[in-house]
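Observations on the three-dimensional arrangement
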Amino acid sequence: MSNPATVIAAGGVVWRDRRGARQVLLVHRPRYDDWSLPKGKLNPHEHVLLAARREIEEETGRRVILGPPLGVQRYQVRKNGGTVPKLVHYWAASPTGRDTGFEPNDEVDLLEWLDVEKARNRLSYPRDVDILDSLEGKVPVVSSLVLIRHAEAMKRKDWDGEDTARPLTAEGEATAQRLVGVLAALGVDRVLSSDAERCVATVAPYAAAIGKKVHLYPEISERGYEADPEALRGMAERAWKRGKVTAVCSHRPVLPALARELGLKVGRFAPGAFVVAHRLPNGRMVHERFNAP
């Protein structure tokens, strides 16, 4: 994705519809005396989705949910007396209604909600205008889906019990815990899973964090799919719910067929990897893939 010297950052276009007009939130940075989109560098080992949400909240005081990707920026920045490449990822970001409070500081001293055209004229950099322009047609999202392969589980040869009871490894459990913040950044509010323990344990920490139950579907387990592959036919209707963000956890052998049923084209999944997909107002679908957090 980038060489080791690249500075990785993340941010978003915070948007709302107000009185029939779309508005976006810009930040003013006194150090540069510029108007830009909220963004910032990743902390060590921080997932890019977590970084985008954290940086937006830190710079604007607004808690957000991340939506479709809006593209990346690549440019050079000064560092240690020279220049290094910088890569910035952006997502559409909708406020959750929770305002954590903005106080002017050395990094950001002003915020302003502006209609899109005024924002285009206010932004200091053409590259930010390009990101803003990509918002058109991608919000509001009709529905969203996060398709996950269960985290690392104990190997079959090392497990004497029923395969459906095979547990996660310690690393798999750590991945499940790290998924909590990532799924929260995406605003997941429904959790579906195979009934196998390794799938349930992957998403149970997040479900507990938001006070929701994990809905179990044996037909997306390895055993259930082998017994009746046609049972997947109903999963698209169950998984895609208007106005909802649904997480679905399943198994490597099942995922290709399940993805096709859900309208996605995906390759092999490593343990804990996931795809985030959004159905857009114009009928298109956009999706992006991530490794395990």
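Just so we're clear, the structure is a prediction, and the values are computed from it rather than from any experiment.

Definitions and limits used
Sequence positions are assigned chain by chain, starting from 1 and proceeding in written order. Confidence filtering applies because this is a predicted model: local features only for residues at pLDDT of at least 70, side-chain atom pairs given and counted only at 80 or more, and all residues used for totals across whole chains, interfaces and linings. Side-chain measures were taken over the full set of non-hydrogen atoms in the model, leaving aside hydrogen atoms and water. Starting at the N terminus, helices and strands are each numbered in turn, a helix being any DSSP run of H or I of at least four residues and a strand any DSSP run of E of at least two. In this description the radius of gyration comes from C-alpha coordinates, and the expected globular size is given by 2.2 Å times residues to the power 0.38. Each residue gets one of three labels from its accessible area relative to the maximum for its type: buried under 20%, exposed over 50%, partly exposed in between, using a 1.4 Å probe on protein chains only. For this analysis, residues touch if any pair of their heavy atoms sits within 4.5 Å. Under the convention used here, a 1.4 Å probe and the Shrake-Rupley method define accessible areas, while residue burial counts only the protein chains that appear. Only four residue types enter the tally: Lys and Arg on the positive side, Asp and Glu on the negative side; His and the chain ends are excluded. To locate a charge, the coordinates of NZ of Lys, CZ of Arg, CG of Asp or CD of Glu are taken. Definition used in this section: a nonpolar core is a set of buried Ala, Val, Leu, Ile, Met, Phe, Trp, Tyr and Cys residues joined via side-chain atoms within 4.5 Å. Here, strands pair whenever DSSP counts at least two bridges between them. In this analysis, axes come from line fits to C-alpha atoms, helices being fitted only over the stretch in contact, and the angle between any two N-to-C directions falls in the range 0 to 180 degrees. Two kinds of site are reported from a 1 Å grid over the protein atoms alone, namely cavities, where a 1.4 Å probe fits but cannot get out, and pockets, open sets with protein on both sides within 12 Å along at least five of seven lines, and residues are called lining when an atom falls within 4 Å of a point. Grid points are joined across faces, edges and corners, and a volume is the space filled by probe spheres set on the points. For this classification, Asp, Glu, Lys and Arg are treated as charged, while Ala, Val, Leu, Ile, Met, Phe, Trp, Tyr, Cys and Pro are nonpolar and the rest, including Gly, are polar. By convention in this document, the label disulfide applies to cysteine sulfur atom pairs within 2.5 Å. Polar contacts, as used here, are pairs of N or O atoms within 3.5 Å; protein pairs need one atom able to donate a hydrogen and one able to accept it. Residues neighboring in sequence count only if both atoms are side-chain atoms. Aromatic rings from Phe, Tyr and Trp, with only the six-membered ring used for Trp, were paired whenever their centres fell within 6.5 Å, and each pair was classed as stacked if the ring planes differed by under 30 degrees, edge-to-face if by over 60, and tilted otherwise. Charge-over-ring contacts are defined here by two conditions on Lys NZ or Arg CZ: a distance within 6 Å of the ring centre and an angle within 35 degrees of the ring normal. In what follows, roughly perpendicular refers to angles from 65 to 115 degrees, roughly parallel to angles under 35, roughly antiparallel to angles over 145, and oblique to any angle outside these ranges. What makes a crossing left-handed is the near helix being turned counterclockwise from the far one by less than a right angle; a clockwise turn instead makes it right-handed.

**Thoughts on the overall build of the chain**
Helices and strands together make up the secondary structure of the chain, namely 8 helices and 13 strands. Taking 293 residues into account, the globule formula puts the C-alpha radius of gyration at 19 Å, and the chain, at 20 Å, falls close to it. The dimensions of the chain, computed from C-alpha atoms along their principal axes, are 65 × 45 × 30 Å. A buried classification covers 50% of the 293 residues belonging to the chain. Contacts in the chain between residues far apart in sequence, at least 24 positions, make up 67% of those at least 6 positions apart. Summed over its atoms, the accessible surface of the chain is roughly 14,400 Å², and 47% of this surface lies on carbon and sulfur atoms. Charge centroids of the chain, computed over 45 positive and 38 negative side chains, lie 3 Å from each other.

**Some words on the nonpolar core**
Counting residues in each nonpolar core, the largest one holds 34 residues, and the members touching the most others are L49, L66, V146, I148, V188 and F274. Contacts of L66, omitting those with residues within four sequence positions, involve L49, A52, R53, I56, W91, A92, A93, A185, L186 and H278. Listed in part, the 22 residues of the second largest apolar core include I220, M235, L258 and V275.

**Observations regarding the sheet that holds strand β8 (residues 143–149)**
Spatially, 6 strands are ordered β10-β9-β11-β8-β12-β13 in an open sheet, and the strand pairing comes out mixed. On the outer flanks of this sheet lie β10 (215–216) and β13 (285–290), each paired with one strand and no other. Judged from the 2 bridges that link them, strand β9 (residues 190–193) and β10 form a sheet pairing that is parallel. Note on β10: the bridge partner recorded for L192 is H215. Its contacts with the sheet place helix α5 (residues 197–209) against β8, β9, β10 and β11 (245–250), and it is angled at close to 170° to β9.

**Considering the layout of surface pockets**
Of the voids in this model, the largest pocket is the one considered here, and its volume is about 760 Å³. Among the secondary structure elements, those contributing two or more residues to the lining of the largest pocket are β4 (39–41), α1 (48–60) and β5 (62–79). It is β5 that provides the largest number of residues to the lining of the largest pocket, a total of 5 residues. Looking at the lining of the largest pocket residue by residue, the classes come out as 7 nonpolar, 3 polar and 12 charged.

**As for the state of the cysteines**
Using the criterion set out here, one finds 0 disulfides in the structure. The thiol of C199 is unpaired, and the distance to the nearest cysteine sulfur, on C249, comes to 3.8 Å.

**Topic: the environment of E152**
Take E152: it is sitting in the loop between β8 and α4 (170–185). By relative accessible area, E152 is classed as partly exposed at 38%. When the C-alpha atoms of E152 and P271 are compared, they prove to be 5.2 Å apart, with 119 residues separating the residues in sequence. Residues in contact with E152, not counting those within four places in the same chain, are L168, T169, E171, G172 and P271. There is a polar contact of 2.7 Å between the side chain of E152 and the side chain of T169.

**Topic: the packing of aromatic side chains**
Inspection of the entire model under this criterion finds 1 aromatic pair. Ring geometry for F274 and F290: centres 5.2 Å apart, planes at 25°, overall stacked. One end of the pair, F274, is in strand β12 (residues 274–279); the other, F290, is in strand β13, and 16 residues separate them in sequence. Comparing F274 with F290 shows no difference in burial state: the two are buried. In this arrangement the basic side chain of R127 is found over the ring face of Y75, its NZ or CZ atom lying 3.7 Å from the centre. Here the guanidinium or amino end of R127 rests over the ring plane of Y125, the centre of that ring lying 4.7 Å away.

**What about the packing of α4 against α5?**
Where α4 contacts α5, the two axes come as close as 8 Å, and the packing angle between them is 50°. Taken as axis vectors, α4 and α5 run oblique relative to one another. Crossing hand, α4 versus α5: right-handed. Between α4, through A176, Q177, L179, V180, L183 and A184, and α5, the contact on the second element is made entirely by A201, T202, P205, Y206 and A209. Partitioning the contact of α4 with α5 into residue classes produces 9 nonpolar, 2 polar and no charged.

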